[in-house]
Each structure stands twice: as C-alpha cells, then as structure tokens.
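Secondary and tertiary structure notes
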Amino acid sequence: MTNIPETGRTPRVQIRLVVIQILVLSLLGTLGGRLWYLQIRQGAQYQKEASGNHVQQVVDPAVRGDILDARGVPLADNETRLVVSASRTDLLKQKDDGKAVLTKLAGILGIKPAEVIQKVRLCDAKTPQPCWNGSPYQPIPITDEATPKQALQIRERSEDFPGITAEPEAVRRYPGPGKANTAQVLGYLSPVTDAEIQKAKDTDSPYLRSDMVGRSGLERQYDKELRGKAGVTRYEVDNLGRVIGKAKSDAAEPGSNLVTSIDSRVQRVAEYELDKAMKAARTQYDKITGENYKADSGAVIVMEAKTGRIVAMASAPTYDPNVWVGGISAKDYKALTGKDSDYPLLNRAIQGQAAPGSTFKVVSTAAAVNAGYAWDGGYPCTSSYSVGGQVFKNFEGENFGDISLGRALEVSCDTVFYGLADREWKRDGGINPRKGQPKDYFFKTAHQFGLGKETGIDLPNEVSGRVPDRQWKLDYWKANKDAWCKSGKKDGSYVEKIAYENCLEGNKMREGDEINYSIGQGDTLVTPIQEAMIYGAVANGGTEYYPTIGKAIISADGRTVQEIKPRVQRKLPVSQATLKGMDDAFAGVITRGTAAWKFGGWPQNKIPLHGKTGTAEVYGKQTTGWLATYSKDYSVIMTISQAGTGSGSAGEAVRNIYSALYGVQGDGSIDTKKALLPTPQKGLPKVRKDGTIITPKVTGDPAEDAEKAQQDNPSNGDDQQPATSPSPTTRNRNTRRRPRGTRAGGSRRMPS
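Residues numbered from 1 in each chain as written. Predicted model: local features only at pLDDT ≥ 70, side-chain atom pairs only at ≥ 80, totals over all residues. Heavy atoms only, no water.

Right, let's get into the overall build of the protein chain. Assigned secondary structure in the protein chain consists of 24 helices and 25 strands. Every one of the 752 residues in the protein chain was classed for burial, and the buried ones make up 52%. Carbon and sulfur atoms make up 51% of the accessible area of the protein chain, which totals about 34,700 Å². (Helix = DSSP H or I, 4+ residues; strand = E, 2+ residues; numbered from the N terminus. Buried < 20%, exposed > 50% of the residue type's maximum accessible area, 1.4 Å probe, protein only. Areas by Shrake-Rupley, 256 points an atom, 1.4 Å probe, with all protein chains shown as cover.)

Moving on, we come to helix H11 (residues 264-281). If you check H11, its first and last C-alpha atoms are 26 Å apart, about what 18 residues at 1.5 Å a residue would give, namely 26 Å. The buried count for H11 comes to 14 of 18 residues, which makes it a mostly enclosed element. (Expected span 1.5 Å × (residues − 1).)

With that settled, the discussion passes to empty space enclosed by the protein. Here the structure, examined in full by the defined rule, presents two cavities of 30 Å³ or more. The computed volume of the second largest cavity comes to approximately 50 Å³. Taken together, Pro356, Thr359, Phe360, Val362, Val363, Leu451, Val526, Glu531, Ile534 and Tyr535 form the lining of the second largest cavity. At three residues, helix H21 (residues 528-540) tops the list of elements feeding residues into the lining of the second largest cavity. (1 Å grid on protein atoms, 1.4 Å probe; cavity = no way out; pocket = protein on both sides within 12 Å on 5 of 7 lines; lining within 4 Å. Points joined across faces, edges and corners; volume = space filled by probe spheres on them.)

Among the nonpolar cores identified, the biggest contains 87 residues, and Leu218, Ile310, Met313, Val362 and Val416 are the most heavily contacted of them. In this structure Val416 touches Tyr379, Pro380, Cys381, Ile403, Leu405 and Ala408, once residues within four positions along its chain are discounted. Counting 41 residues, the second largest nonpolar core, distinct from the first, contains Val300, Ala316, Ile590 and Ala703. (Core = buried A, V, L, I, M, F, W, Y, C linked by side-chain atoms within 4.5 Å. Contact = heavy atoms within 4.5 Å.)

Our focus in this paragraph is the layout of surface pockets. Approximately 1,400 Å³ is the volume found for the largest pocket. If you trace the largest pocket, you find 50 residues lining it, with Gln138, Glu169, Ser210, Asp211 and Met212 closest to the centre. Where the lining of the largest pocket is concerned, the elements lending two or more residues are strand S1 (54-60), strand S3 (74-86), strand S4 (140-143), strand S5 (164-173) and strand S6 (189-191). The dominant element in the lining of the largest pocket, judged by the number of residues it contributes, is S5, at six residues. Classifying every residue of the lining of the largest pocket gives 26 nonpolar, 12 polar and 12 charged. (Nonpolar A, V, L, I, M, F, W, Y, C, P; charged D, E, K, R; others polar.)

Okay, the state of the cysteines next. Scanning all chains against the criterion turns up three disulfides. A sulfur-sulfur distance of 1.8 Å marks the disulfide that ties Cys123 to Cys131. Residues Cys123 and Cys131 are joined by a disulfide whose S-S torsion is about 105°; by sign, that bridge is right-handed. Given a relative accessible area of 27%, Cys123 falls into the partly exposed group. Paired by a disulfide, Cys381 and Cys413 hold their sulfur atoms 2.1 Å apart. Taking the torsion about the S-S bond as the criterion, the Cys381 to Cys413 disulfide, at about 110°, is right-handed. Here the residue Cys381 occupies a position in strand S15 (residues 379-381), and Cys413 occupies one in the loop between helix H15 (405-411) and helix H16 (414-427), the gap between them amounting to 32 residues. Cys413 shares its class with Cys381; the two are buried. (Disulfide = S-S within 2.5 Å.)

Cis geometry is found at the peptide bond from Ala316 to Pro317, where omega equals 0°. Mapped onto the fold, Pro317 is located in the loop between strand S14 (310-316) and helix H12 (330-337). Backbone geometry at Lys179 places phi at a positive 70°, although glycine is not the residue there. Structurally, Lys179 is set in the loop between S5 and helix H7 (183-186).

For the pair helix H14 (residues 361-370) and helix H22 (residues 576-591), interaxial distance at closest approach is 11 Å and the crossing angle is 145°. Handedness of the crossing formed by H14 with H22: right-handed. On the side of H14, the interface is formed by Val362, Thr365, Ala366 and Val369, while H22 contributes Thr578, Met582 and Phe586. By residue class, the composition of the contact of H14 with H22 is five nonpolar, two polar and no charged. (Axes fitted to C-alpha atoms, helices over the stretch in contact; angles between N-to-C directions. Left-handed = near helix turned anticlockwise from the far one by under 90°.)

Turning to the pattern of salt bridges, a few remarks are in order. In total, this model carries 33 salt bridges according to the counting rule given. We note a salt bridge from Lys179 to Asp701, for which the minimum N-O separation is 3.9 Å. Remark: Asp701 occurs in the loop between helix H23 (646-662) and helix H24 (702-709) and Lys179 occurs in the loop between S5 and H7; sequence separation between them is 522 residues. For Asp701, a relative accessible area of 6% translates into the label buried. A salt bridge links Lys473 to Asp513, with the nearest nitrogen and oxygen atoms 3.0 Å apart. Here Lys473 is found in helix H18 (residues 470-487), whereas its partner Asp513 is found in helix H20 (residues 511-518), with 40 residues between them in sequence. Pair check on accessibility: Lys473 and Asp513 agree, each one buried. (Salt bridge = Lys/Arg side-chain N within 4 Å of Asp/Glu carboxyl O.)

Taken together, the buried positions of H24 are occupied by Pro702, Ala703, Ala706 and Ala709. Projected down its long axis, H24 shows its buried positions confined to an angular sector of 120°, all on one face. Among the structural elements, H11 and H23 are those in contact with the buried residues of H24. Capping the start of H24, Asp701 holds a side-chain oxygen 2.9 Å from the backbone nitrogen of Ala703, two or three residues further along. (Arc of directions from axis to C-beta. Polar contact = N/O pair within 3.5 Å; in protein donor to acceptor, adjacent residues only side chain to side chain.)

Packing of helix H4 (residues 99-109) against helix H5 (residues 113-120) brings their axes to within 8 Å, and their N-to-C directions diverge by 125°. Relative to H5, the element H4 lies oblique. H4 and H5 meet at a crossing whose hand is right-handed. Here H4 contributes Leu102, Thr103, Leu105 and Ala106 to the contact with H5, which in turn contributes Pro113, Val116, Ile117 and Val120. Of the residues in the contact of H4 with H5, the class split is seven nonpolar, one polar and no charged. (Parallel < 35°, antiparallel > 145°, perpendicular 65-115°, else oblique.)

This paragraph deals with the pairing of strand S13 (residues 297-304). Counting buried positions along S13 yields eight of eight residues, so the element is predominantly enclosed. Residues Ser297, Ala299, Ile301 and Met303 line one face of S13 and the alternating positions Gly298, Val300, Val302 and Glu304 line the opposite face, and both faces are buried. As paired strands, S13 and strand S25 (residues 634-641) are joined by eight bridges and run antiparallel to one another. Looking across to S25, one finds that Ile301 is bridged to Ile637. Relative to S14, S13 runs antiparallel, the two being bridged by six bridges. Directly across from Gly298, in S14, lies its bridge partner Ala316. (Pairing = 2+ DSSP bridges.)

All right, on to the pairing of strand S24 (residues 624-630) then. Buried residues dominate S24, accounting for seven of its seven residues. Here S24 shows two buried faces, one formed by Thr624, Trp626, Ala628 and Tyr630 and the other by Gly625, Leu627 and Thr629. Across seven bridges, the pairing between strand S23 (residues 610-616) and S24 is antiparallel. Along S24, the bridge assignment pairs Ala616 with Thr624. Two strands pair when backbone bridges link them, and S24 and S25 are joined in this way by six bridges, in the antiparallel orientation. The partner of Gly625 across the bridge, within S25, is Ile640. Linking two consecutive strands that pair antiparallel, namely S24 and S25, is a turn of three residues.

In structure tokens, the structure reads:
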C-alpha cells in the first residue's frame, strides 16, 4: 500500500496549491477593487483630468485665388497687411467681458471704443451692422490697417491685451486697375457662419472656422474654386496646454485663379460713360413732371456677340468693394443698404428689370412674321389708334402712311404694332376665347426668345423678368383679387378704377393689355442681360449663347487649365430672311432713324452699327431710356432709369463705348493704335513656369484717353437735338393695366 492519494498529490503539494490559489484570488480582488476605485469612485475626477488632454488645431489659411481680366490684369487679389484681431473666447473670460481691453485697444488704434466693441458682438436678428456674422470661436478682425508701430505696441504689451493679436495676414484687395471698379461683378467676402459650416461639413468642400466666403458676384459664384483648402496642423496637448504629441497635418492648398472675359479698360470706359450719361440727364428738364430728370440708376453691358462672353458690365450707383475687407463700418453699411442709398449692392445689369419700351419690338416683329404677316406688307402708321373709345397715339402724332415692318422698326412706329397686336387678339378670340383657340404668337415668341426666365449667366441672384401671358395674368389675379376688390372703385381715382377693373376681369387678356404689350409696356419686364443676349443673337445670325464672365480656371501652380467654353442656349424663332430684314432696319435706326441724331459722322461703311431705341413709361416715375445696339463683334446695351428717351439719355455714351473699342476718333477717322479691343480677346493670359500669370502694365485712365479722342465729335456739340424731348399728354390710356411699376396710362408717348 502507498501513502499517495488517488489524485497523485502529496499533502505538501496540496498545501502549496491552496496557498497559490489564495494569493491569486487576493491579487484579483485587489485589482478589482482598484478598478472599482478608479472607474466608479474616482471616475468623474479622472475623466475631467483626462479631458484636458485633447487635440488642438492650428489653421494655416489658404491663399485665395486671384480674379483676373481677359489680359491677366488682377481685378481681385491679395496683399499682406497687419491685422489686429480679438478672441471672443478670451475676452469673455474677463470680468467685464473684455470691455476694458477693447477700450484700451481703441486708444492704440485711434478708433472710437464703441466701434471696436460693436465689431466683436455677434450678429443676430436684433443686432444691426457692424457685428460679427462668423463663428464666435474664430478671431474677429478689428482692423487690417494697423501700422507697424501699433502692432508692436500690442505685441510688446501682450499682458495688457489678453485675447488680442496683431499678425501679418493675406487680405483681399480690389485694386481697380485703371480706375475700373467692377464692384457688382466681383462681389465681396465675409466670414463663414456656423450654419454654413454645419451645412457643408459632409460635402466635398467643407468650411473651416477661419474661412472667408464669397457673398455676391464672382466671389460667390466661383467660391469653391477660389477658396482653396486651408492647412491644418493638429497637436495633442494636456490640460495645461503643453504639447505632448503631434498628430496628422494637412498642408494648405492655395485657391485657383479665375480668368474672366472682362477687359478692365473697356470696363472703365463703360463705367465712366454710364456715370457721365446719368449726370448729363440730371441737367435736362422733364416737362411732364416739371423737374429735372433724376437718373437714379442704370446699367450697361458690352457682350461678345458670337460667344456670349461679357467684356464689360457696369451698374450704377456703385460702391468700393474694399469697404468689406476687414469688416465693414456702420457708416459704410448704412451707405450701402439705407433707404437713401439707391441700393448700390444690386447689380442692375442682371437684377434690374423694367419695361423695355420699343426695344421689345424685335420680339413683336418676329411674332408678327410667325403669325403670317408679310415683312414687306403695307401696315398703316397713323398718328393714333382707337380702341373702344380709347386713343393710343403715335409719338407727336407722326403719320408715315403704309410702311413695311422694317420701316416700322426704323422709325419706331407704335401704331403699326398696335394694329398687329389688336388683330391677333381678335383672331385669338378676344376677351373670352374658346378653349384651345388662342395662338398667342406675341407671347409665345417672347418665351422662344428666352424672356420670362433667367439667362443662366454665371452670377448669383439673377432675376427672370416677366412675360405677362394668360397664365401669368391668371396667377397674378388670384394672388391680388381680394385686395383689388377691396380698394377698387368704379368712379374713383385712376388707381382705384384700375383696381376695380382688375377685380372684375384682371384674369383675362384684354384688348388694351395686348396692345400695350406689343410695344414693350404694360406688365412686361426685361433685364439688360436679356436684351444683350437677344440683340447679340440678332447680330450673329440667330444663336443665343449663355452669357458668361468666367473664361478659365487656372490652378495656383499653373499646371491645370480648365477653360469655360461658350455654350449655345437656343436659336431665335426667326428665319434668316427676317433676320436680314431686321439687320437692315436696325442699321437704319443708326443712319436715318430714331438714333441717327446721336451717330452723325460715324464711319458706318467701315464699322456698321445697328440699334433700337426705347423709352418706357413707369407709373409714378419718370421715363426709363433704353438703347440696344450691336456691331459684328459686340452687343452694347445701356438703360438709365428716370432719364428720358433712350437715344437722348444713352446715345452719346454708347457711341463713345464703340469709339473706344474700335479706335474711332471724334472726326470719324479710325486710329487702330488707340482701339482698345477691335476684335474680341481669344486667348488666355500667359502663365510662367512657377504658376504666376504674366500681367500687362496698366497706365493712365482709358476713359479719359477715349474722351480726349472724342472732343472733335460733331454729334457731341451744342447744336444737336436736346437729350430729351417732351412727351405728349398722358390721359388717354385707360385700357393700360399697370398694377405694379408701370406708368398709368396716357397717349403714346415719349420719343424713342
């Protein structure tokens, strides 16, 4: 027999195993207790301490790309300035929320303390400008015009200025080459908001809190391409701010450069001539209102006829886009947005809409031909046209007898178009047509010309204008019927009578509605860019292009060039024979028609010009002048609100723009060396190997140089027809419906 148990273990071995088990269990118990102590008992404290170890991001802003004209001249670029900024996070840690520091800072910078304090407050619905509409965690720029001495004072006394920094930064600049402003086309920048950051966080172009984003114009349209991508270096720091490690870093990617089709020289001339024309109109007496013309706003466009590219686009009143750089002041903001500002932030070339007057007859003429009326038919151009007791007069009672459609365009005979529109209205069934009966050629053709919708230009916030067809009238009547029925009176004032009529039958196409529509009056609205597109199409043989300003996007290193090609939008609903007839008629407008008195001595045999004048009546205001013109290369459109006739208010200015383009001197001779752009710019600016773009030197003022060349222009003398002409009485157009923005009736009309 043996003393070894069946397990094969001796008593000594068993004792050892028990001791080991006890030790293991003790260790496990100790470890479990410690874990409970750390995670449960002291968990909150250690979590708080651990939260002090986090990743800090140091943002290296991307350099925003330049906006260049067609020759490579910068319209918007960057420059290094000393920027003084304030951190709201640091200021709010102080007992007085940083007011003492900001007051002290104002003394250093020579700014009123209230203005500095206003700049760091956050924008909301109740807080007027100036205020900060960016992220509250991003340093807020106080000024970007600090002197080296001021910056040194702030940095040397940093303990006196907690939360304040003074650093050199790249700041947006709008240099205005050759005095070309280009404000509404370029737009401006402002800080990104928290809402925008959240909205874009899952896109392919997210924002950082340091980003400045485009708010209007090209800065907004091409923001993604211009902005680039900010660099971010990530550091892991403890709760004392000590760096304990470096995480992933992303290098900054500078934004691409945008080459535009704008020629800064032509832009300057266009801006100058528009401003001069408006000032000249204000010296002319309006016999209808008994005061001088106000000429309160206007626009001019120069567009390549064969591509749709914009060479110049000016809007008045204008402003200096540099006022937005570094934060706008309360005074400047009020000047741009106040009731007395005339709203210079609006780009009236794409956002201004008005009745087109006789420039609309290009559409009415095409509609008449499409409806079956012969181009060379004899249409009575009488002194007046009567409908239901209402008399629609031709300007100054002119009577040209039976004339063709071409001659009607040339002399801008209203009664020809009154008669054509009235006949079509009757053929369509009158005021109560049967279902499917109306052909509505006059309205259908307007839509086929692209009216009533945006042109698609590469600028934000374009408006569509209006074609007041049957559907629009029905929709508008439904929206306004209650108000009309409430305010209308059968025997009340003119406005009350119109409201009464609209209440009863504002949903129907009345005889007077179509008559007024045929000459670009009534509820019809167009924009200057729409007219540029249409007359450019007439110039090139019938093709409408999408208007464009962007010409190419070039990467910062110059290796990638993305051209923005011209794109066809539609063909005009006009035969080549009709286009040829229109072309001849529009040439006649310049040589012997309504614009001839402003183009005397023009070298028509060498540089043929074509045009159509227009004068639109606007209810409660003075008349708006239009002049739509084209050559084989360009279409030039100018309109001025409350300035009188189209030829009188814009004729000289438009002629001077063409003179600058082609080098036409005051005596009618042509100096090709002085021509700014006798043929459209085709190529792109040259790019160096390092990615920089070769920029031509800009010297002098192109507008002043062009003006000197026109001093001998015989059409600019004192012996010319006055800039505006008196209108006949305005009391016989009660069939004219003008619910918003169009002039209450009267006999036709101001001269074109």
